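Structural features, examined
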Amino acid sequence: MVTIPVGELRVQSRPNPGQAWLADLFTSLPALADNSVLAAQQQRCRQALAGEALPSRRQEAWRFTDTSAITAIPAQPLPRQAAAALPAPPANVLRLVLAGSGDPLQGVVLPVGLERLEAGALEALFGEALEANGAAAAWPVRLNGAVAGQVLALRVRQPVPTLLELVSDTGDAAGVQGLRLLLVLDPGASLEVLEVHRARGANLTSVVLEARLGRGARLRHGLLAQGQSPQPAVAERPTAACAAPVLLHHLAAVQDPDSELELIAAVAGWGLARLEPLVLQRSGAASTRLRGLQRVDGSQVVDTHSRVLFAGPDGRLDQVHKALADGSGRSVFNGAVVVPRQAQRTDAAQLSRSLLLSDRARIDTKPELEIVADDVKCAHGATVSRLQQNELFYLQSRGIAADQAARLLLRGFCEEVLAELPAPSALWQPLALLMGEEPAP
Amino acid sequence: MIRPDAPVLLEICDLRASVEEQPILKGVNLTLRAGEIHAVMGRNGSGKSTLSKVLAGHPAYRVTGGSVLYRGDDLLALQPEQRARIGLFLGFQYPVEIPGVSNLEFLRVATNARRLEQGLEELDTFAFEDLVRERLQVVQMDPAFLERSVNEGFSGGEKKRNEILQMALLQPLVAILDETDSGLDIDALRIVAGGVNQLASADNATLLITHYQRLLDVITPDYVHVMAAGRILRTGGKELALELEERGYDWVDVEIERLEASELEALAAAQGSRTPAEVG
């Protein structure tokens, strides 16, 4: 029998690794010294974060999501690096390269209908969509506020036929970058955006994108997040030496009536990726279409927490979220749909489809419908399955070998979402990414 | 077309199979020669569909006895895809919908898998499109269906046409068509059956699995087999199908009961005769 002398029992508050990490990060990243909205925000966010721990699994919204990948990233700003070699953009695409500092609009001629948001409007609208969606105090949003040194703010005045491509490629650099975006679509304006993130090193990309859609405006937003983690065998536990890239992405949209918002996201290859698409139909009567596809392998974690709130009647939502989980990866989906009393005649449908490709992988999927209004149509469904035996057999019975049949089925599963990305996304070979293959040169 | 000297394509001998430990096939015997069209009729649950799935190699069915020779070689040792490549085709009763997989690409991959086995050159996308457009005519199918996902949102008739289109592309030597007539209106039935008739030749054999006489009004079988309780109870010409249509299947129950009783007796006698020897 072992006795423990009472005197030796100590209650010690262990230092929170997140606190130390943030302190190091803020020390190495000098505060903004101007009097811009960003500087004010930075001060607020740094103060707020100083007393806050990293999100932990004790919090409901992070219950399934291990955030230790964050502190494995060196707590320093991403060093300025030579621009990565990117494939040339196709015709009719305006590419802006985002690097967290410097002005991405420097020397750029914007197409007709698209312009830099004027200072007064920036002042007034900055942070508004986050606030409206109840996300201003979320940890990833505060982290973004604490590190972002620049905001790309655009006003869309009319339908813009050029696709706006926003690209960030952190390569194998080590450190943290914060990207902040604001899109204001005037009534009747429309824009198609393709946001591309690429990373393969020990770096963290924090993105906060706010979008404001006026009456009758249309925004089609594709997000292609291509991470490249070290081989799973090497990185069973994330360490600074072989940390996998992290993506924290918030997209907060506010829609006026008759506006149409489409968000199509494809995410794979990150050590940790957390996506929070948040939509407020502030007087209802708008249309929201969400498509998500995520893949985990090795010890990766991808977590999508979406939330759509109808603050008025006659709103529509069409949401499909898909996940592939291989290796020991973990995929999380939480889809909140909030229909308060004033949101009568809401027509919302949410479907979550997940494929489990390994015995060690894990999928957590949860529709979260809060419906108070009584005259609504809200459908939801969630399936988690392996590849369907009857589908495999059908293909095999036509001479297609089992492994090729499985690949065809996986491709089909992915294509349903990828086909909806803006066409110029083909340049980035999204299918290879989602299939866990090396892209063709 | 019956030619006694035609080569045997498929020879099923005392085939027994189970699904989830439940015996379904209890000794099926059937021989298909080149040029022949056979119809297997029987009630739901008689084992007709199981026979087709076992021949195609569905993993849910376990063969517990007997043999199947395909052109003299053991068919049951082969994976489902290998059976298809050497010329066995199963037309599904319920063709499977595969969202996101383009029908055109599916058809091309399948066709090329078969062509490789036949020692033919693989077809590139352009050559294949020419071929598929020509074969579409066999079932008067709208080319628009090539652009869609495999069977997704197809009506019952469109799905069955798509099955026959696959048959037209794969050119099997033995085609097993499982309830190809189910869910078809009379026009679609005529088109689908017309396709089957066009594809039947002196070199291949067709096994039609059906419930009703009406398919056999448009495709004339050389042999009709009545299946019940997992075996073939009686074999005749096309007049047997007409007889079934008239008399129904009730007489089958009587015959099966009689058969099973006599088997039990034989079994008991065999055991009775063995016991003294074992004691001694």
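Refer to the structure presented above.
The present account deals with the structure reproduced in this document. (Residues numbered from 1 in each chain as written. Chains lettered and ligands numbered in written order. Predicted model: local features only at pLDDT ≥ 70, side-chain atom pairs only at ≥ 80, totals over all residues. Heavy atoms only, no water.)

1. Examining the interface of chain B and chain A
Contacts between the two partners involve 32 residues from chain B, matched on the other side by 21 residues from chain A. Counting the surface lost from both chain B and chain A, the interface buries some 2100 Å², and carbon and sulfur atoms represent 65% of this. Run the count over chain B and chain A and you get two salt bridges. For the salt bridge of Glu163(B) with Arg398(A), the shortest nitrogen-to-oxygen distance reads 2.7 Å. Where chain B packs against chain A, one counts 10 residue pairs in polar contact (both at pLDDT 80 or more). Looking at the side of chain B that touches chain A, the elements with two or more residues in it are helix H2 (80-85), strand S6 (88-91), strand S7 (98-102), helix H3 (103-117) and helix H6 (156-170) of chain B. At five residues, H3(B) tops the list of elements feeding residues into the side of chain B that touches chain A. By residue class, the composition of the side of chain B that touches chain A is 19 nonpolar, seven polar and six charged. (Contact = heavy atoms within 4.5 Å. Buried area = accessible area lost by both parts, 1.4 Å probe. Salt bridge = Lys/Arg side-chain N within 4 Å of Asp/Glu carboxyl O. Polar contact = N/O pair within 3.5 Å; in protein donor to acceptor, adjacent residues only side chain to side chain. Helix = DSSP H or I, 4+ residues; strand = E, 2+ residues; numbered from the N terminus. Nonpolar A, V, L, I, M, F, W, Y, C, P; charged D, E, K, R; others polar.)

2. A short note on the side chain of Thr210(B)
Residue and element names in this part refer to chain B. For Thr210, the position within the fold is in strand S10 (residues 205-210). Engagement of the side chain of Thr210 in a polar contact is seen with the side chain of Asp181, the distance being 2.8 Å. If near-sequence neighbours (up to four positions away) are discounted, Thr210 is found in contact with Val40, Met41, Gly42, Lys48, Glu179, Asp181, Leu215 and Leu216.

3. Considering the pairing of strand S12 (residues 287-296) of chain A
Residue and element names in this part refer to chain A. Counting buried residues along S12, nine of its 10 residues qualify, which places the element largely inside the surrounding structure. Bridging between strand S10 (residues 260-268) and S12 involves nine bridges; their strand directions are parallel. Of the residues in S12, the one forming a bridge with Val267 is Gln294. In this structure, S12 lies alongside strand S14 (residues 316-325), joined through 10 bridges in parallel fashion. If you follow Gly292 over to S14, its bridge partner there is His321. (Buried < 20%, exposed > 50% of the residue type's maximum accessible area, 1.4 Å probe, protein only. Pairing = 2+ DSSP bridges.)

4. Section: the packing of aromatic side chains
For the structure on display, the rule yields four aromatic pairs over all chains. Here Phe145(B) and Phe154(B) contribute two aromatic rings whose centre-to-centre distance is 4.9 Å and whose plane-to-plane angle is 65°, an arrangement assigned as edge-to-face. The burial state of Phe145(B) is the same as that of Phe154(B); both residues are buried. Arg274(A) extends its terminal NZ or CZ atom over the ring of Trp62(A), reaching a point 3.7 Å from the ring centre. Seen from the ring of Phe413(A), Lys322(A) lies directly overhead, with NZ or CZ sitting 4.3 Å from the centre. (Phe/Tyr/Trp six-rings, centres within 6.5 Å; stacked < 30°, edge-to-face > 60°. Lys NZ or Arg CZ within 6 Å of the ring centre and 35° of its normal.)

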